[in-house]
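Descriptive analysis of the structure
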Amino acid sequence: MVFENLSTKLQDTLKRLRGKGKLTEKDVDVALREVRLALLEADVNFKVVKDFVKTVKERCLGAEVLESLTPGQQVIKIVNDELTKLMGESVAKLNQSSAPPTVIMMVGLQGSGKTTSAAKLSNLLKKKQHSPLLVAADIYRPAAIKQLQVLGEQLEVPVYQMGQQDPVQTAKAALEQAKRNRNDYVIIDTAGRLHIDEELMAELTRIEKAVNPDEILLVVDAMTGQDAVNVAQSFKEKLGLSGVVLTKLDGDTRGGAALSVRAVTGCPVKFAGLGEKTDAFEPFYPERMASRILG
Ligand code: GDP
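These figures come from a predicted structure and were not determined experimentally.

Another aspect to go through is the pattern of salt bridges. A full pass over the atoms with the stated rule returns 19 salt bridges. Of the charged contacts in the structure, one is a salt bridge between Arg193 and Asp197, with a shortest N-O distance of 3.0 Å. The partly exposed category is assigned to Asp197, whose relative accessible area is 28%. A single network of salt bridges, built from pairs that share partners, joins Arg59, Lys77, Asp81, Glu82 and Lys85.

Side-chain direction in a regular strand flips from residue to residue, so the side chains alternate between the two faces of the sheet. For strand β7 (residues 269-273), the tally of buried residues reaches five of five residues, placing the bulk of the element in the interior. In this sheet, β7 lies alongside strand β6 (residues 243-247) in parallel orientation, the contact comprising three bridges. Bridge assignment links Leu246 to a residue of β7, and that residue is Ala272. Note that the unit made of β6, helix α11 (residues 256-265) and β7 has a crossover that is right-handed. Strand direction decides the pairing type here: β7 and strand β8 (residues 281-283), joined by three bridges, are antiparallel. Its bridge partner being in β8, Phe271 is matched across the sheet by Pro283.

In this section: the side chain of Arg193. As for its position among the elements, Arg193 is in the loop between β4 (185-190) and α9 (198-211). With residues up to four places along the chain from it excluded, the contact list for Arg193 reads Leu109, Gln110, Tyr140, Glu199 and Leu200.

Right, let's get into helix α1 (residues 4-18). The terminal C-alpha atoms of α1 lie 21 Å apart, and with 15 residues this matches the ideal 21 Å at 1.5 Å per residue to within 8%. Regarding α1, the residues found buried are Leu6, Ser7, Leu10, Thr13, Leu14 and Leu17. Axial view of α1: buried residues confined to an arc of 145°, hence all on one face. Of the residues in α1, the exposed ones pointing more than 90 degrees away from the buried face are Glu4, Asn5, Lys15 and Arg16.

Rules of the game
- In this convention, every chain numbers its residues from 1, walking through the sequence in written order.
- Local features in this predicted model are restricted to residues whose pLDDT is 70 or higher, and side-chain atom pairs enter the listing and the counts only when it is 80 or higher, whereas totals over whole chains, interfaces and linings include all residues.
- Side-chain calculation: all heavy atoms of the structure are included, whereas hydrogens and water are not.
- Salt bridges are identified by distance alone: a Lys or Arg side-chain nitrogen within 4 Å of an Asp or Glu carboxyl oxygen.
- Three exposure classes are used, based on accessible area relative to the maximum for each residue type with a 1.4 Å probe and protein chains only: buried under 20%, partly exposed in between, and exposed over 50%.
- Going along the chain from the N terminus, every DSSP run of H or I of four or more residues is numbered as a helix, and every run of E of two or more is numbered as a strand.
- When DSSP locates at least two bridges between a pair of strands, those strands are taken to pair.
- With the strands pointing away from the viewer, any crossover whose connection runs clockwise from the first strand over the helix to the second is right-handed.
- The contact definition used throughout considers only heavy atoms, calling two residues in contact when any of these lie within 4.5 Å.
- Multiplying one less than the number of residues by 1.5 Å gives the expected span of a helix.
- Working note: the arc is built from the helix axis to C-beta atom directions.

Everything listed here is a matter of coordinates, which is why it stays silent on function.
Right, here's the structure in full:
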């Protein structure tokens, strides 16, 4: 399960503080050194770890802890608060267009789970009585169009495609169709590559300009750890990212991406992918994630 190692380490460290009647600065330092190591081992971004430990330490040396009758408990609460804050505090909602349809563009590297997440998101919206339209704008992998069509059929969500034609034209035409058919959400599955390249970014920028999306969701594979965060940064430089979808949180990942991606990109994690099935997808709850880590 995600965070398993991190969780065990943090719990062990904090357990040692729990029973203490009084805490010294040294106790706090020793504990935070272990917290720092545990976070780095979980592949959390170095700078994020540094800032996190600094904030926690400042709060731990404040009156709320030192004057408390249960200082160990207070430290645990602070770590919990700050972990939650790191991941975003509250659940981040989808942006809405004031004039439907709301247009959502899914971007990310190949294999990150983009196509699957597009379908999963359409499923979530459909269950809430919305009428989404999926758009196959990943024209370089014919299998991607087919994959989206199969998922669409399975979920009874319409899929718009124009084969290998220009993805910008496909996206524009899809938008027109959505207006005609009163689809209130348009979810565009775009092309990914194994690595970021200029051509891919230029194409995504052209689609962005053409359809002016309300949301650009970056799909990030949580298994790829630090790399995922670097990828996120590159996308952020070129596109108006508005949120992140973290996939494969069901896997045996160290969790570093989940803990760093928001701080690094400034974009909230909006959804979590928790399995291969189309219903293994939910809004990302920072508080629940923090509680899961601290047990
Ligand atoms: P794309 O190239 O970015 O469109 O990636 P796909 O949507 O084709 O997904 C790549 C692989 O990851 C597929 O085998 C998916 O079933 C799998 N996948 C996607 N999301 C998740 C997830 O949340 N959990 C797990 N375990 N697998 C996922």
